[in-house]
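Residue strings, one per chain:
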Amino acid sequence: MKHIKTLTTRDLKESMKKGGCGECQTSVGNQSCEKVQK
Amino acid sequence: MIHQYINNGYPIVLDVNSGSVHVMDELSYQAVPLLEPVWEAWQEREKNKNAEAPAKKAADDRNAEAFPEKEPEDGIPEALLERAADALSGLSCPKEEQRELAEELLSLAQAGQLYTKDIYEDYIFDFKNRQTVVKALCLHIAHDCNLACKYCFAEEGEYHGRRALMSFEVGKKALDFLVANSGNRINLEVDFFGGEPLMNWQVVKDLVAYGRSLEEPFHKKFRFTLTTNGVLLNDEILEFCNKEMGNIVLSIDGRKEIHDLMRPFRGGQGSYDMVVPKFQKTAESRDQMNYYVRGTFTRNNLDFSEDVLHLADLGFEQISVEPVVAEKTEEYALREEDIPVLLAEYDKLAKEILRYRKEGKGFNFFHFMIDLEGGPCVAKRLSGCGSGTEYLAVTPWGDFYPCHQFVGQEEFLMGNVDEGILRMDIRDRFKECNVYAKEKCKDCFAKFYCSGGCAANSYNFHGSITDTYEIGCELQRKRIECAIMLKAASAELE
């Protein structure tokens, strides 16, 4: 694109399908989850 | 929901509900709000068309309405493109460029990366009804301290007048409780906290050994962590920590005069000169990983970026300096009138971090760390920190509280290591404490990165765990803006 540089196309909606397993640590912004990575 | 802002010269657009982040040029930045009503009207029109075609409507679920298919077969409809280009006719650029801009923005919208809707409220409600397990304990191994820090919520480590050290027996029962209430979960976390944990060092060592003895028979893996003021830190303790502690937090506020003002010994003398060399040795012995030097800034150092940089200049690479949370009556408490100064200070710090990186002296600042690509799922983002459900604090005499900040507030006493959780009603209140339970969070762009803020801060300022602490929110929003800007700047450097 000429005018826009997309930094991330993270799709939180997708994480509804893959996430929610509850395996993550207690804490959110800098947490990572391998299961829902793009 | 869109959040757009300019930071350090970067025009940034955050599409809140998808998590997409875009760095714009000047024209596209101006165009983003102009196209939003056009896109929404078009979506509404499409929805009504679907309503007129029942067979088609049945095939469309709620998600598909909010997030159109990623690759539409027909591209952008000409009628939509024309309306969008019209909406941009006021921009100071040729018509061809206006159409080009409209095309770029609409293609993002069609891909579900711009102008997306919040579709998570029902989902998160179901998520909170799930069975939870206990994942982590904060063991208050010592309600005693050898320093008299002025801002300590533990009241100089004494926690509301009841000095005590945790016995091995109480700690052992706490670990047994954790194992028994963690379900099939393998990874468990135990934080040694205080007061000053090193004032009860033998019990810390004994509990680590006991925890390790539970790992094989119960198929568990403990991650132990420790917070210390450094006064009693020595080579023997450091060697043990480097072997057994997954993380260590080293308390230091920054510049000597700032640190010594707020973190004196009980006799009044400062502690900076004693702890700095020990902390430097600790950081090096851990290869500059798996530790944080952690400070608190107050009204005495609104120029806290100087303290962060001082810690970086001392050679620390993992740094957190965080705002004090204190009663309004305290002279060092942050006030609403300080907010503009603090926001500017975060901006200044972000620029300095970039400068340090370019000079090969980069360091991590805890509150500017953000994972845009691999962050947690939306359920985790919206459901809060886990206090009161997945995380509990244990007092030296074995009482359970929702987290370390609630210790001593009897209305939050949940149970004890002998009888387990007795107040399921408290647990359930925390279970329901998520972003959508907080009116002020629903329309906040930061909700997916902040998770609704701290329940203890909310309670201490408003008497409710489902409210928010306004100063904390203002600072959090700025930190997220800075963190995203740093990602944009890094992408440019790569």
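Residues numbered from 1 in each chain as written. Chains lettered and ligands numbered in written order. Predicted model: local features only at pLDDT ≥ 70, side-chain atom pairs only at ≥ 80, totals over all residues. Heavy atoms only, no water.

K.L.:
Teacher, can you tell me more about the nonpolar core here?
P.N.:
Most often, soluble globular proteins have nonpolar side chains that are buried together. All names here are of chain B. Counting 137 residues, the largest nonpolar core has Phe192, Met245 and Phe406 as the members making the most contacts within it. For this core, the leading source of residues is helix H18 (residues 470–493), giving 11 residues. Residues Ile2, Tyr29, Leu35 and Leu114 belong to the second largest nonpolar core, which totals 27 residues. (Core = buried A, V, L, I, M, F, W, Y, C linked by side-chain atoms within 4.5 Å. Buried < 20%, exposed > 50% of the residue type's maximum accessible area, 1.4 Å probe, protein only. Helix = DSSP H or I, 4+ residues; strand = E, 2+ residues; numbered from the N terminus.)

K.L.:
Quick question: what am I supposed to make of the packing of helix H9 (residues 235–244) of chain B against helix H11 (residues 272–285) of chain B here?
P.N.:
The relative placement of two packed helices is expressed as an angle between their axes plus a distance between the axes. All names here are of chain B. At their nearest, the axes of H9 and H11 sit 11 Å apart, and the two run at 30° to each other. It follows that H9 is roughly parallel to H11 by the angle criterion. Seen along the crossing, H9 lies across H11 with a hand that is right-handed. Seen from H9, the contacting residues are Asp235, Leu238 and Asn242; seen from H11, they are Lys281, Thr282 and Ser285. Counted by class, the contact of H9 with H11 contains one nonpolar, three polar and two charged residues. (Axes fitted to C-alpha atoms, helices over the stretch in contact; angles between N-to-C directions. Parallel < 35°, antiparallel > 145°, perpendicular 65-115°, else oblique. Left-handed = near helix turned anticlockwise from the far one by under 90°. Contact = heavy atoms within 4.5 Å. Nonpolar A, V, L, I, M, F, W, Y, C, P; charged D, E, K, R; others polar.)

K.L.:
What should I look at first to understand the interface of chain A and chain B in this one?
P.N.:
Interfaces are often described in size by the accessible area the parts lose on coming together. Taken together, the contact between chain A and chain B spans 32 residues of the former and 58 residues of the latter. A combined buried area of about 3900 Å² lies between chain A and chain B, and 54% of that area is made up of carbon and sulfur atoms. It is His3, Leu7 and Leu12 of chain A that lose the most area in chain A upon contact with chain B, and together they represent 19% of the buried surface on that side. Taken together, chain A and chain B are joined by two salt bridges. Residues Lys2 of chain A and Glu100 of chain B are paired through a salt bridge, measuring 3.2 Å at the closest nitrogen-oxygen approach. One can count 19 residue pairs in polar contact (both at pLDDT 80 or more) joining chain A with chain B. Only strand E1 (4–8) and helix H1 (12–18) of chain A provide two or more residues apiece to the side of chain A that touches chain B. Of the residues belonging to the side of chain A that touches chain B, the class tally is nine nonpolar, 16 polar and seven charged. (Buried area = accessible area lost by both parts, 1.4 Å probe. Salt bridge = Lys/Arg side-chain N within 4 Å of Asp/Glu carboxyl O. Polar contact = N/O pair within 3.5 Å; in protein donor to acceptor, adjacent residues only side chain to side chain.)

K.L.:
Explain the sheet that holds strand E3 (residues 20–24) of chain B to me, please; I cannot follow it from the model alone.
P.N.:
Sheets are built from strands that pair by backbone hydrogen bonding, the pairs being arranged parallel or antiparallel. In spatial order, the strands read E1(A)-E3(B)-E2(B)-E1(B); together these four strands make up an open sheet with antiparallel pairing. A single partner strand is all that each edge strand has here, and the edge strands are E1 of chain A together with strand E1 (2–7) of chain B. Here the strands of the sheet are splayed against their neighbours by 25° on average, with no regard to which way each runs. One ladder, built from four bridges, connects strand E2 (residues 10–15) of chain B with E3 of chain B; its direction is antiparallel. The partner of Leu14 of chain B across the bridge, within E3 of chain B, is Val21 of chain B. Each of E1 of chain A together with E3 of chain B touches helix H5 (residues 95–110) of chain B; the most contacted strand, E1 of chain A, lies at about 20° to it. (Pairing = 2+ DSSP bridges.)

K.L.:
I would appreciate a short explanation of H5 of chain B in the present structure.
P.N.:
Side chains that are three or four residues apart share a direction in an α-helix, a result of its 3.6 residues per turn. Between the first and last C-alpha of H5 of chain B there are 22 Å, a value that for 16 residues agrees with the 22 Å anticipated at 1.5 Å per step. For H5 of chain B, the full list of buried residues reads Glu97, Gln98, Leu101, Ala102, Glu104, Leu105, Leu106, Leu108, Ala109 and Gln110 of chain B. Looking at the buried residues of H5 of chain B, the elements they touch are E1 of chain A together with E3, helix H1 (26–51) and helix H4 (78–87) of chain B. (Expected span 1.5 Å × (residues − 1).)

K.L.:
Whenever I open this one, the confidence of the model for chain B confuses me. Can you help?
P.N.:
Regions with low pLDDT should not have their predicted coordinates read in detail. When pLDDT is averaged across chain B, the result is 89; 91% of the residues are at 70 or more. Considering only residues more than four positions removed or in separate chains, one finds that residues 69–73 of chain B, a stretch of pLDDT under 50, has five contacts. (pLDDT = per-residue confidence, 0-100.)

K.L.:
Would you mind going over the sheet that holds strand E9 (residues 245–251) of chain B with me for this structure?
P.N.:
Residues and elements named next belong to chain B. Spatially, the 11 strands line up as an open sheet ordered E12-E11-E10-E9-E8-E7-E4-E13-E14-E15-E16, and their pairing is mixed. Each edge of the open sheet carries a strand with a single partner, namely strand E12 (364–365) and strand E16 (420–421). The strands touched by H9 are strand E8 (221–228) and E9; relative to E9, the strand with the most contacts, the crossing angle is about 135°. Sheet contacts for helix H12 (residues 305–313): strand E10 (291–297), strand E11 (318–323) and E12; angle to E11, the most-contacted strand, approximately 160°.

K.L.:
Sorry if this is basic, but what is going on with the packing of aromatic side chains here?
P.N.:
Aromatic ring pairs are described here by two measures, namely the spacing of the ring centres and the angle between the planes. All names here are of chain B. Under the definition given, this model contains 20 aromatic pairs over all chains. For the pair Phe297 and Tyr346, a centre-to-centre distance of 6.4 Å together with 70° between the ring planes defines the contact as edge-to-face. Of this pair, Phe297 sits in strand E10 while Tyr346 sits in helix H13 (residues 339–358), and the two are 49 residues apart along the sequence. Residue Tyr346 is classed as buried on the basis of its relative accessible area of 0%. (Phe/Tyr/Trp six-rings, centres within 6.5 Å; stacked < 30°, edge-to-face > 60°.)

K.L.:
It is not clear to me how the environment of Asp253 of chain B should be interpreted in this structure. Could you clarify?
P.N.:
All names here are of chain B. Assignment of secondary structure puts Asp253 in the loop between E9 and helix H10 (256–262). Relative accessible area serves as the criterion here: at 1%, Asp253 is assigned to the buried category. C-alpha separation for the pair Asp253 and Arg294, spaced 41 residues apart in sequence, amounts to 6.8 Å. Look past the residues within four positions of Asp253 in its chain and what remains in contact with it is Tyr151, Ile258, His259, Met262, Arg263, Gly295, Thr296 and Asp307. Side chain to side chain, Asp253 and Tyr151 meet in a polar contact 2.6 Å long. Side-chain polar atoms of Asp253 contact the backbone nitrogen of Thr296, separated by 2.9 Å.

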